[in-house]
Amino acid sequence: MTHQFQRIPIFYSADHNLHRPQFEYDSGFQIPYQEQARRIESARESLLQLPFTQEFQPDPVLTIEQIARVHSIALIEHLRERSAFARQHEQIMGQEDLYLYPWIYPLNQQMREGLLKSPDSAGCYAFDTYAPIGKNTWKAVYASANLAYCAAKTIIQEESRIAYALCRPPGHHAGRDIMGGYCYLNNAAITADQFKQAWGRGAILDIDYHHGNGTQEIFWDDPEVMFVSIHADPADEYPFFSGFAEERGGEQALDTNLNLPLPKVCDDQTYLNALDLALGTIKGFQPNWLVLSAGYDTCQADPSTYFTLTNEVYSEIGNRIGTLNFPTVIVHEGGYAIEHNGLLSARLLSGIIDSST
Ligand SMILES: [Zn+2]
């Protein structure tokens, strides 16, 4: 075994800073874009202050073929092509930082094909307005996915047993053929796919406040990948159409999908009870690896959500996850109380390390 890393590697790329939409539509009203670059810089600073971490900035080694194992080529091409289009448009208009927002959504394949031939195709692979495309969006999205891929490779090559990928944009709302909810490519799914190729069965635990509809969709029919998600009830929270308890996996993969929707107002104890259920289910599946989709929008301070988790409970959440003691990649997802991304990611990782070593 070659331990390239004496400490826990924190995978980071500065390219995420290139993706900076200015606004989003919240309940139809224009507000500042919540998925800000500072979120990741805050997490980076706090994680690197821990005595057992080191930063790693990987080369761009993820291939389009590897991405296309979990996403359609059409979506990938759309992202690249629309980023180039945004660049051209800026030059023509003589303006900076223009972002293309999806505004026409195809309801069927016929509509999609027609729309694709038009100059108004931004909505062809989107399910909402939260994933606008600017000239550098593809670059940032690729770099984010590359971190997730490289983190998986590091674990597979046994250079470390735990790695943290500081992914931005996040990924868990992106499905095989669709983007939305600040997400373009599904970083956790790319990590899980690498693990699966190397080691077979494994599990993804998603602790973001919102349901990871994209991850669920990608592995819905896959009996080798269990997806477990703890999130706010989609009956009254985003993404609204996915994340209900009765969604248990496709016919060939029944009971490899577990959704644990919680009431919008949820305290530490209610959350920890759900976490214990999630971890027990994962253990029973006997996975060889774990991907943790780590969102911090469950905290009380988050401006866009309703759970009331205390800062302290993130150490305990990490502790309980760490007892699973599987080779693990932590993939950064949501969290919009900007500085809390730092505090809470450090607590979560410390908790995992404390109980798994
Ligand atoms: Zn979220």
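Residues numbered from 1 in each chain as written. Predicted model: local features only at pLDDT ≥ 70, side-chain atom pairs only at ≥ 80, totals over all residues.

### Looking at the overall build of the protein chain
Within the protein chain, the secondary structure is distributed over ten helices and ten strands. For 357 residues, the compact-globule estimate of 2.2 N^0.38 gives 21 Å, and the protein chain sits close to it at 19 Å. The dimensions of the protein chain, computed from C-alpha atoms along their principal axes, are 55 × 40 × 40 Å. Evaluated residue by residue, the protein chain yields a buried proportion of 51% over its 357 residues. (Helix = DSSP H or I, 4+ residues; strand = E, 2+ residues; numbered from the N terminus. Rg over C-alpha atoms; globule rule 2.2 N^0.38 Å. Buried ≥ 20, exposed ≤ 12 C-beta atoms within 10 Å, placed from the backbone.)

### What to know about the nonpolar core
Counting residues in each nonpolar core, the largest one holds 97 residues, and the members touching the most others are Phe11, Ala148 and Ala165. The element that contributes the greatest number of residues to this core is helix α5 (residues 137-156), accounting for 13 residues. Once residues within four sequence positions are removed from consideration, Ala148 is found in contact with Ala165, Cys167, Asn187, Ala188, Ile190, Thr191 and Val331. (Core = buried A, V, L, I, M, F, W, Y, C linked by C-beta atoms within 7 Å. Contact = placed C-beta atoms within 7 Å.)

### Overview of the sheet that holds strand β4 (residues 53-56)
The eight strands are arranged β4-β1-β5-β10-β9-β6-β7-β8 in an open sheet whose pairing can be described as parallel. Looking along the sheet, the strands with just one partner apiece sit at the ends: β4 and β8 (257-262). Sheet twist, expressed as the average angle between the axes of neighbouring strands with direction ignored, equals 15°. Sheet analysis places strand β6 (residues 202-206) next to strand β9 (residues 290-294), joined by four bridges and oriented parallel. From the neighbouring strand, Leu205 faces β9, where its bridge partner is Leu292. (Pairing = 2+ DSSP bridges. Axes fitted to C-alpha atoms, helices over the stretch in contact; angles between N-to-C directions.)

### A short note on unusual backbone geometry
Between Arg168 and Pro169 the backbone carries a cis peptide bond, its omega angle lying at 0°. Considering the arrangement of structural elements, one finds Pro169 in the loop between β5 (162-165) and α6 (187-199). Here the residue pair Tyr238 and Pro239 is connected by a cis peptide bond, since its omega of 10° sits within 30 degrees of zero. Within the secondary structure, Pro239 is located in the loop between β7 (225-232) and β8. For Asp97, which is not glycine, the phi torsion reads 55° and is therefore positive. Topologically, Asp97 is positioned in the loop between α3 (73-93) and α4 (109-116). Phi is positive for Glu158, which is not a glycine, with a value near 55°.

### Some words on the pairing of strand β10 (residues 328-332)
A large share of β10 lies buried, amounting to five of its five residues. Alternating residues of β10 divide into Thr328, Ile330 and His332 and Val329 and Val331, and every residue in both groups is buried. Bridging between β5 and β10 involves four bridges; their strand directions are parallel. Bridge assignment links Ala165 to a residue of β10, and that residue is Val331. Across five bridges, β9 lies against β10 in parallel orientation. When the sheet's bridge partners are listed, Leu292 is paired in β10 with Ile330. Note on the crossover from β9 through helix α9 (residues 313-322) to β10: the handedness is right-handed. (Right-handed = clockwise from strand over helix to strand, strands pointing away.)

### Quick look at the packing of helix α8 (residues 268-285) against α9
For the pair α8 and α9, the least separation of the axes is 11 Å and the interaxial angle reads 10°. The orientation of α8 with respect to α9, classified from their angle, is roughly parallel. Handedness of the crossing formed by α8 with α9: right-handed. Only Val313, Glu316, Ile317, Arg320 and Ile321 of α9 make contact with α8, whose side of the interface consists of Asp268, Tyr271, Leu272, Leu275, Asp276 and Leu279. (Parallel < 35°, antiparallel > 145°, perpendicular 65-115°, else oblique. Left-handed = near helix turned anticlockwise from the far one by under 90°.)

### With respect to α6
For α6, built from 13 residues, the straight-helix expectation of 18 Å at 1.5 Å per residue is met to within 8% by its first-to-last C-alpha distance of 18 Å. Along α6, the residues that are buried comprise Asn187, Ala188, Ala189, Ile190, Thr191, Ala192, Asp193, Gln194 and Phe195. Remark: Gly200 follows α6 within two positions and exhibits a positive phi of approximately 75°. (Expected span 1.5 Å × (residues − 1).)

### Some words on helix α1 (residues 38-49)
Taking 1.5 Å of rise per residue, twelve residues should cover 16 Å, and α1 covers 17 Å from first to last C-alpha, within 8% of that figure. Buried residues of α1: Arg39, Ile40, Ser42, Ala43, Arg44, Ser46 and Leu47, and no others. Looking at the buried positions of α1, the neighbouring elements they touch are β1 (8-11), β4, β5, β10 and α10 (340-356).

### Some remarks on the packing of α5 against α6
Where α5 contacts α6, the axes come no closer than 8 Å and their chain directions differ by 30°. One way to sum up the angle between α5 and α6 is to call them roughly parallel. Here the hand of the crossing between α5 and α6 comes out right-handed. Each of Ser144, Ala145, Ala148, Tyr149, Ala151, Ala152, Lys153 and Ile156 in α5 lies in contact with α6, whose residues at this interface are Asn187, Ala188, Ile190, Thr191, Gln194, Phe195 and Ala198. Along the lines of polarity and charge, the residues of the contact of α5 with α6 split into ten nonpolar, four polar and one charged. (Nonpolar A, V, L, I, M, F, W, Y, C, P; charged D, E, K, R; others polar.)

None of the figures reported here should be taken as evidence of function without further support.
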